[in-house]
Amino acid sequence: MDIQNNGYISIEQLTNQYLGKVQRGQVRKATDGQAMNGLSFEDVFRQKALTDAGSLKFSKHAIGRLADRNIELSDNQLERLESGTRKAGQKGIRDSLVIVDQLAFIVNIPNQTVVTAMDSTEANENIFTNINGAVII
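Predicted model only: the values in this text are computed from it and were never measured.

Draft legend 1. Summary view of the side chain of threonine 113. With respect to the helices and strands, threonine 113 occurs in strand β4 (residues 113-119). Residue threonine 113 is classed as buried on the basis of its relative accessible area, which comes to 16%. From its side chain, threonine 113 meets the backbone oxygen of asparagine 111 in a polar contact 2.9 Å long. Discounting residues that sit within four places of it in the chain, threonine 113 has contacts with Leu56, Lys57, Phe58, Ser59, Ile106, Val107 and Asn108.

Here it is, written out as structure tokens:
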């Protein structure tokens, strides 16, 4: 450890000493098959696949809801969801309910992010809050 002329060590040196800063090029290993943030590889892969599927992103909450409710979107349904999102944006809607087949999605239009998802069995009351528009595809 290099001590500067004034007798003090630098913040970077202290950080490296006490926090064990990972050097560039090093990879931290996950334990017990878990990723560093607590998600499994499958969760991370699924989230990345849904995020890269198009311009539409899925929030962590929405991905969890899809998994919990065993909802799998076909390519056709995903395209229709994206189309409904574009139409809502063209009409100036900020938070939209987009219904595709028997699936309902709440989408934040400016961020192009699906906030939550449910199927017809979950929407028994048919009450949707915090939206200012709806698109039925």
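Draft legend 2. Structural view of the pattern of salt bridges. Inspection of every chain in the model, using the stated rule, returns 2 salt bridges. Residues aspartate 68 and arginine 65 are paired through a salt bridge, measuring 3.7 Å at the closest nitrogen-oxygen approach. With a gap of 3 residues between them, aspartate 68 and arginine 65 both fall in helix α3 (residues 60-68), about one helical turn apart. One salt bridge in this structure joins aspartate 101 and arginine 80, with 2.8 Å as the shortest N-O distance.

Draft legend 3. Representation of helix α4 (residues 75-90). End to end, α4 covers 23 Å across 16 residues, agreeing with the expected 22 Å (1.5 Å per residue, within 8%). Turning to α4, its buried residues are Gln77, Leu78, Leu81, Glu82, Gly84, Thr85 and Ala88. Buried residues of α4 fall within an arc of 160° about the axis and therefore sit on the same side. Of the exposed residues in α4, the ones pointing more than 90 degrees away from its buried face are Asp75, Glu79 and Gln90. Close packing links the buried residues of α4 with β1 (57-58), β2 (95-100), β3 (103-108), β4 and β5 (133-136).

Draft legend 4. Structural context of the sheet that holds β3. Read across the sheet, 5 strands follow the order β1-β4-β3-β2-β5 without closing on themselves; strand pairing throughout is mixed. Looking at the sheet topology across the chains shown, the edges are occupied by β1 and β5. Where β3 and β4 come together, 6 bridges link them in antiparallel fashion. From the neighbouring strand, isoleucine 106 faces β4, where its bridge partner is threonine 116.

Draft legend 5. Here's a closer look at unusual backbone geometry. For asparagine 70, which is not a glycine, the phi torsion comes out positive at approximately 50°. Even without being a glycine, aspartate 101 presents a positive backbone phi close to 55°. One can find aspartate 101 in the loop between β2 and β3.

Draft legend 6. Inspection of the environment of isoleucine 93 at higher detail. Along the chain, isoleucine 93 turns up in the loop between α4 and β2. Classification of isoleucine 93 as buried rests on a relative accessible area of 14%. Separated by 14 residues in sequence, isoleucine 93 and valine 107 have C-alpha atoms that sit 9.8 Å apart.

Draft legend 7. Main features of the pairing of β3. Along β3, 6 of the 6 residues are buried, which leaves the element largely enclosed by surrounding structure. Side chains of β3 alternate between two faces, with Leu103, Phe105 and Val107 and Ala104, Ile106 and Asn108 buried alike. Between β2 and the antiparallel strand that follows it, β3, lie 2 residues; aspartate 101 among them carries a positive phi value of about 55°. Where β3 folds back onto β4 in an antiparallel hairpin, the turn is made up of 4 residues, including glutamine 112, whose phi is positive at roughly 55°.

Criteria and thresholds
Residues numbered from 1 in each chain as written. Predicted model: local features only at pLDDT ≥ 70, side-chain atom pairs only at ≥ 80, totals over all residues. Heavy atoms only, no water. Helix = DSSP H or I, 4+ residues; strand = E, 2+ residues; numbered from the N terminus. Buried < 20%, exposed > 50% of the residue type's maximum accessible area, 1.4 Å probe, protein only. Polar contact = N/O pair within 3.5 Å; in protein donor to acceptor, adjacent residues only side chain to side chain. Contact = heavy atoms within 4.5 Å. Salt bridge = Lys/Arg side-chain N within 4 Å of Asp/Glu carboxyl O. Expected span 1.5 Å × (residues − 1). Arc of directions from axis to C-beta. Pairing = 2+ DSSP bridges.

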